[in-house]
Amino acid sequence: MKKILVLFFCLIFHTISHAQIHEIGVFLGGSNFIGDVGKTTYISPNELAFGILYKWNKSPRHSYRFSYTQSSISGNDLDSEVPGRYDRGYKFKNDIKELSAGLEFDFFDFNLHELLKRKITPYVYSGLAYLRYDELYVQNGITRKDKTTSSLAIPMTVGVKGNIFENIILGIEVGARYTFTDNLDGSSPKNKNLEPLKFGNLNSKDWYVFTGFTITYTFGDKPCYCAD
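Keep in mind the model is a prediction, meaning the values are calculated, not measured.

A closer look at the pairing of strand β7 (residues 168-179)
Moving on, step 1. Strand direction decides the pairing type here: strand β6 (residues 142-163) and β7, joined by 11 bridges, are antiparallel. Looking across to β7, one finds that M156 is bridged to A176.
Moving on, step 2. Following β6, the chain reverses through four residues before pairing antiparallel with β7.
Moving on, step 3. Here β7 runs beside strand β8 (residues 207-219); their pairing, made up of 11 bridges, is antiparallel. The partner of L170 across the bridge, within β8, is I215.

What to know about the sheet that holds β7
Moving on, step 1. One closed barrel holds the eight strands; their spatial order is β1-β2-β3-β4-β5-β6-β7-β8, and the pairing between them is antiparallel. Shown here is a sheet whose adjacent strand axes are inclined to one another by a mean of 20°, direction ignored.

Some words on the confidence of the model for the chain
Moving on, step 1. Here the chain averages 89 in pLDDT, while 86% of its residues score no lower than 70.
Moving on, step 2. Low pLDDT, under 50, characterises residues 15-19; the stretch is placed with seven contacts to residues that sit more than four places away or in other chains.
Moving on, step 3. Counting contacts from residues 223-228, a segment whose pLDDT is below 50, to residues more than four positions away or on other chains yields 12 contacts.

Details of the nonpolar core
Moving on, step 1. Formed by 18 residues in total, the largest nonpolar core has its most connected members in I73, F92, I96, L131, L184 and Y208.
Moving on, step 2. Element by element, the count of residues in this core is highest for strand β5 (residues 120-139), at five residues.

Comments concerning empty space enclosed by the protein
Moving on, step 1. Counted under the stated rule, the structure contains two cavities of 30 Å³ or more.
Moving on, step 2. The computed volume of the largest cavity comes to approximately 70 Å³.
Moving on, step 3. Forming the boundary of the largest cavity are F27, G51, I52, L53, R65, S67, Y68, T69, E173, R177 and F210.
Moving on, step 4. For the lining of the largest cavity, the elements supplying multiple residues, two or more each, are β2 (47-57), β3 (62-76) and β7.
Moving on, step 5. In terms of residue count, β3 provides more of the lining of the largest cavity than any other element does, four residues in total.

Focus: the packing of aromatic side chains
Moving on, step 1. In total, this model carries 10 aromatic pairs according to the counting rule given.
Moving on, step 2. Seen in terms of ring centroids, Y90 and F199 are 5.1 Å apart; in terms of plane orientation they differ by 75°. Their pairing is edge-to-face. Taken as a pair, Y90 in the loop between α2 (83-88) and β4 (91-106) and F199 in the loop between β7 and β8 lie far apart in primary sequence, 109 residues in all.
Moving on, step 3. Ring centres of Y178 and W207 lie 5.2 Å apart, and the angle between their planes is 65°; this geometry places the pair in the edge-to-face category. Of the two residues, Y178 is situated in strand β7 and W207 in strand β8; the sequence distance between them amounts to 29 residues.
Moving on, step 4. On the accessibility criterion, W207 (30% relative accessible area) is partly exposed.
Moving on, step 5. Among the aromatic residues, ring-to-ring pairing joins F27, Y208 and F210 into one connected group.

Remarks on the side chain of T181
Moving on, step 1. Relative to the elements of secondary structure, T181 occurs in the loop between β7 and β8.
Moving on, step 2. A polar contact is formed between the side chain of T181 and the backbone nitrogen of N183, at a distance of 3.1 Å.
Moving on, step 3. Apart from residues no more than four positions distant in its own chain, T181 is found in contact with Y133, S151, K205 and D206.

Some points on the side chain of T149
Moving on, step 1. Relative to the helices and strands, T149 is located in strand β6.
Moving on, step 2. Ignoring anything within four residues of it in the chain, the contact list for T149 reads L131, R132, Y133, E135 and K190.

Rules of the game
Residues numbered from 1 in each chain as written. Predicted model: local features only at pLDDT ≥ 70, side-chain atom pairs only at ≥ 80, totals over all residues. Heavy atoms only, no water. Pairing = 2+ DSSP bridges. Helix = DSSP H or I, 4+ residues; strand = E, 2+ residues; numbered from the N terminus. Axes fitted to C-alpha atoms, helices over the stretch in contact; angles between N-to-C directions. pLDDT = per-residue confidence, 0-100. Contact = heavy atoms within 4.5 Å. Core = buried A, V, L, I, M, F, W, Y, C linked by side-chain atoms within 4.5 Å. Buried < 20%, exposed > 50% of the residue type's maximum accessible area, 1.4 Å probe, protein only. 1 Å grid on protein atoms, 1.4 Å probe; cavity = no way out; pocket = protein on both sides within 12 Å on 5 of 7 lines; lining within 4 Å. Points joined across faces, edges and corners; volume = space filled by probe spheres on them. Phe/Tyr/Trp six-rings, centres within 6.5 Å; stacked < 30°, edge-to-face > 60°. Polar contact = N/O pair within 3.5 Å; in protein donor to acceptor, adjacent residues only side chain to side chain.

This is the structure we're talking about:
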């Protein structure tokens, strides 16, 4: 995980040295899981999530965005309204460490150098995420850890942001992650020795959702958007 963070910061500082206007800040909110254990509600934060992010504003309508986000995700069948899950009674908790990069698109022009004007716009973000998590399995009703591994995910985020102060941008967003693994909850362990312990829908992948606020500070020289 240390190597991932070093790579993240190297990428940010390399980009800053060649870019014209930047945002750097934090994400704070909650996370929830959508899979084979626990509730099936799409947006229902039950664990704390936090992270850092950097944006290179290439134009008033799009930005390159890089982020690192960390959270626990958890599920408990006793919270589910599905009778079969409630009767089964499984529960789990996993730690997610995510590095994400992609493109953020603004629906309206968001020229950060028009400092005397209050700006607000909806936006969407997507790209590719790399995550570290624990491989789990359930044995005799108890969730256990096999090993730590990694996977990829596709982030799909919608939000609204505005400049609340001269150099401060506040955003509210919901970001779902479609992962390429079905075992964040222990329902589909990769270990061949544990295959008899698989359960749930083995034809679908797991999702997790980050919901919260971003606060970023803007700085840098005014870009010449007309040259893009």
